[in-house]
Amino acid sequence: MSANVAPLTQLLLFARLQTRCCAFAVALLSGMALLSLPAELPVARYDLLLGYGLLLTLIFRLSGWETGRDVAVIAVCHAIGLAFELVKVALGSWSYPEPAVLKVAGVPLYGGFLYAAVGSYVCRAWRLLDLELVGYRPRATAAVAAAVYVNFFSHHWLPDARWPLAALLVAVTVGTSVRFSVGNARYRMPLALSFALIGFFLWLAENLATYLGAWRYPYQLQGWQPVSVDKFGAWSLLISVTVVLVAATHRERDPG
């Protein structure tokens with residue numbers, strides 16, 4: 001019986017650390033849930049979410065939960081995400097049907113905060129779990145991650161290279177593992193597996209966000225439906241962009 005205590009303790013500690021890593025995302029989704037309640041609001045909900053996201057960023061920075069480097073990475077993730085939203089909304093992939101003052105080409109400026117939350121998660125995980133990439137190929141992985149990002153746009157006009165890029169991403173990360181600490185123990189996980197696991201939880205978060213009306217896919221406009229499982233694969237690929245960005249800021253410490 002005692003042999004099972006340590007693994008269970010480690011699992012609970014790991015879950016606690018993961019919850020701390022997700023603090024920004026949990027706070028953001030909580031705000032979305034609160035603002036989704038039926039009530040007369042003096043300001044458009046999307047504009048309130050922008051102010052709320054900026055306030056969260058400030059609180060996390062002033063409290064020391066995010067470092068200056070973290071905030072810079074999160075800002076880059078927000079910008080990349082907003083550019084992604086502008087193109088995808090213009091192409092009709094999804095929409096933000098509610099009105100807002102701070103809205104550009106159909107995209108409210110808060111739209112990049114989901115990507116910022118992903119950036120916050122990776123940054124906090126790097127510190128709280130003391131992440132280290134072993135056998136990491138920064139240039140090759142960055143090149144494939146960039147191609148993944150571009151393909152999300154280009155597949156509207158060119159053949160979709162999602163599956164070849166997924167295979168290529170696995171190929172360039174073969175032998176690359178993520179080392180992380182839980183308490184005094186050190187563990188290892190293949191980097192490609194971490195992409196898949198994070199992608200799965202992002203897919204769950206997207207289901208919750210669309211249920212709360214953060215945005216809508218065309219098939220959700222007449223009533224909420226679960227987000228297509230294809231998005232699980234999309235997030236598993238897209239998370240590589242965030243990991244490459246965060247890894248670049250830690251390269252001096254973790255040369256890989």
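Everything below is about the structure printed above this text.
Quick caveat: nothing in here was measured; it's all calculated off a predicted structure.

Q: Quick rundown of the overall build of the chain? Include the residues and the values.
A: Secondary structure summary: the chain contains 9 helices and 5 strands in total. For the chain, the succession of helices and strands along the chain, N to C, is α-α-α-α-β-β-α-β-α-α-β-β-α-α. Considering only C-alpha atoms, the chain reaches an extent of 55 × 45 × 40 Å along its principal axes. Within the span of the chain, comprising 256 residues, buried residues form 45% of the whole. Look at the contacts in the chain between residues 6 or more apart in sequence, and 73% of them connect residues 24 or more apart. For the chain, the accessible surface area stands at approximately 13,000 Å², while carbon and sulfur atoms represent 70% of it. Of note, the chain has its 19 positive side-chain charges centred 7 Å away from the centre of its 13 negative side-chain charges.

Q: Please set out the side chain of Thr 242 residue by residue, giving values where relevant.
A: For Thr 242, the location among the structural elements is in helix H9 (residues 230-249). According to the relative accessible area criterion, Thr 242 is buried, its value standing at 10%. When near neighbours in sequence (up to four residues on either side) are disregarded, Thr 242 contacts Cys 77, Val 118, Gly 119 and Val 122.

Q: Give a description of the nonpolar core that names residues and reports values.
A: Counting 74 residues, the largest nonpolar core has Met 32 and Tyr 110 as its most contacted members. If you tally residues by element for this core, the top one is helix H5 (residues 113-128), at 11 residues. Residues in contact with Met 32, not counting those within four places in the same chain, are Arg 45, Leu 49, Tyr 110, Ala 209, Leu 212 and Ala 214.

The rules behind the values
Residues numbered from 1 in each chain as written. Predicted model: local features only at pLDDT ≥ 70, side-chain atom pairs only at ≥ 80, totals over all residues. Heavy atoms only, no water. Helix = DSSP H or I, 4+ residues; strand = E, 2+ residues; numbered from the N terminus. Buried < 20%, exposed > 50% of the residue type's maximum accessible area, 1.4 Å probe, protein only. Contact = heavy atoms within 4.5 Å. Areas by Shrake-Rupley, 256 points an atom, 1.4 Å probe, with all protein chains shown as cover. Lys, Arg positive; Asp, Glu negative; His and termini not counted. Charge placed at Lys NZ, Arg CZ, Asp CG, Glu CD. Core = buried A, V, L, I, M, F, W, Y, C linked by side-chain atoms within 4.5 Å.

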